[in-house]
Amino acid sequence: MLHIYNASAGSGKTFTLAREYLRMLLRDTQHDDNKRLPHSRILAVTFTKKATAEMKERILYELFVLSTTPTQSDHWEALHEDLKLNPDASYFHYCANNTIYGTEWKYVPDTGNVPLVCDMSSNFLSR
């Protein structure tokens, strides 16, 4: 999959590239044929070291914000819409603290009427 964004200076390319990187990283694999990609398989290219550094800083900052206070992220609404739960799902399963990948949900996701199943084995007796 190749996406090219061609735009003039100051038009928001870095913002767009950061959002697309986050979308690829967090993509819903259950409802999307394009599987989630590990960070090591995503290549984002800009033409200057300054733009590369800015994009990297934005991505790391947004990952931090998404992991601590997700609704404060500039990308929350777009990512939340992308990851929208199918209301007809039989259940929603997630791992609250994934020690293999070093990720942790800081909140219990709102699944509406869809039953929620959580692997909390890494949280046992800790919260």
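Going by the structure above, here's the rest.
Residues numbered from 1 in each chain as written. Predicted model: local features only at pLDDT ≥ 70, side-chain atom pairs only at ≥ 80, totals over all residues. Heavy atoms only, no water.

> Explain the nonpolar core residue by residue, including any values.
Counting residues in hydrophobic clusters, the biggest one holds 12 residues: L17, A18, Y21, L22, M24, L25, I42, M55, I59, L66, W76 and L79. Within the residue set of this core, elements represented by two or more residues are α1 (13-26), α2 (49-68) and α3 (76-82). The element contributing the most residues to this core is α1, with six residues. Of all hydrophobic cores here, the second largest spans five residues; its members include F92, Y94, A96 and V114. (Core = buried A, V, L, I, M, F, W, Y, C linked by side-chain atoms within 4.5 Å. Buried < 20%, exposed > 50% of the residue type's maximum accessible area, 1.4 Å probe, protein only. Helix = DSSP H or I, 4+ residues; strand = E, 2+ residues; numbered from the N terminus.)

> Break down the pattern of salt bridges for me, citing the residues and quoting the values.
Evaluated as defined, the whole model comprises two salt bridges. Salt-bridge contacts for R23 lead to E20; the nearest nitrogen and oxygen are separated by 3.0 Å. Taken together, the residues span about one helical turn, with R23 and E20 both in helix α1 at a distance of three residues. Accessibility expressed as a relative area gives 24% for R23, which makes it partly exposed. Assessed through its relative accessible area of 18%, E20 is described here as buried. (Salt bridge = Lys/Arg side-chain N within 4 Å of Asp/Glu carboxyl O.)

> Give me the lowdown on the packing of α1 against α2, citing residues and values where you can.
Remark: α1 packs on α2, axes separated minimally by 9 Å, with the N-to-C direction vectors making an angle of 50°. Considering their axes alone, α1 and α2 lie oblique with respect to each other. Crossing handedness for the pair α1 and α2: right-handed. Mapping the contact onto sequence places T14, F15, L17, A18, Y21, L22, L25 and L26 in α1 and E54, M55, R58, I59, E62, L63 and L66 in α2. Taken together, the residues of the contact of α1 with α2 break down into 11 nonpolar, one polar and three charged. (Axes fitted to C-alpha atoms, helices over the stretch in contact; angles between N-to-C directions. Parallel < 35°, antiparallel > 145°, perpendicular 65-115°, else oblique. Left-handed = near helix turned anticlockwise from the far one by under 90°. Contact = heavy atoms within 4.5 Å. Nonpolar A, V, L, I, M, F, W, Y, C, P; charged D, E, K, R; others polar.)

> Lay out α1 with the relevant residues and their values.
For α1, built from 14 residues, the straight-helix expectation of 20 Å at 1.5 Å per residue is met to within 8% by its first-to-last C-alpha distance of 20 Å. All of the buried residues in α1 are T14, L17, A18, R19, E20, Y21, L22, M24 and L25. (Expected span 1.5 Å × (residues − 1).)

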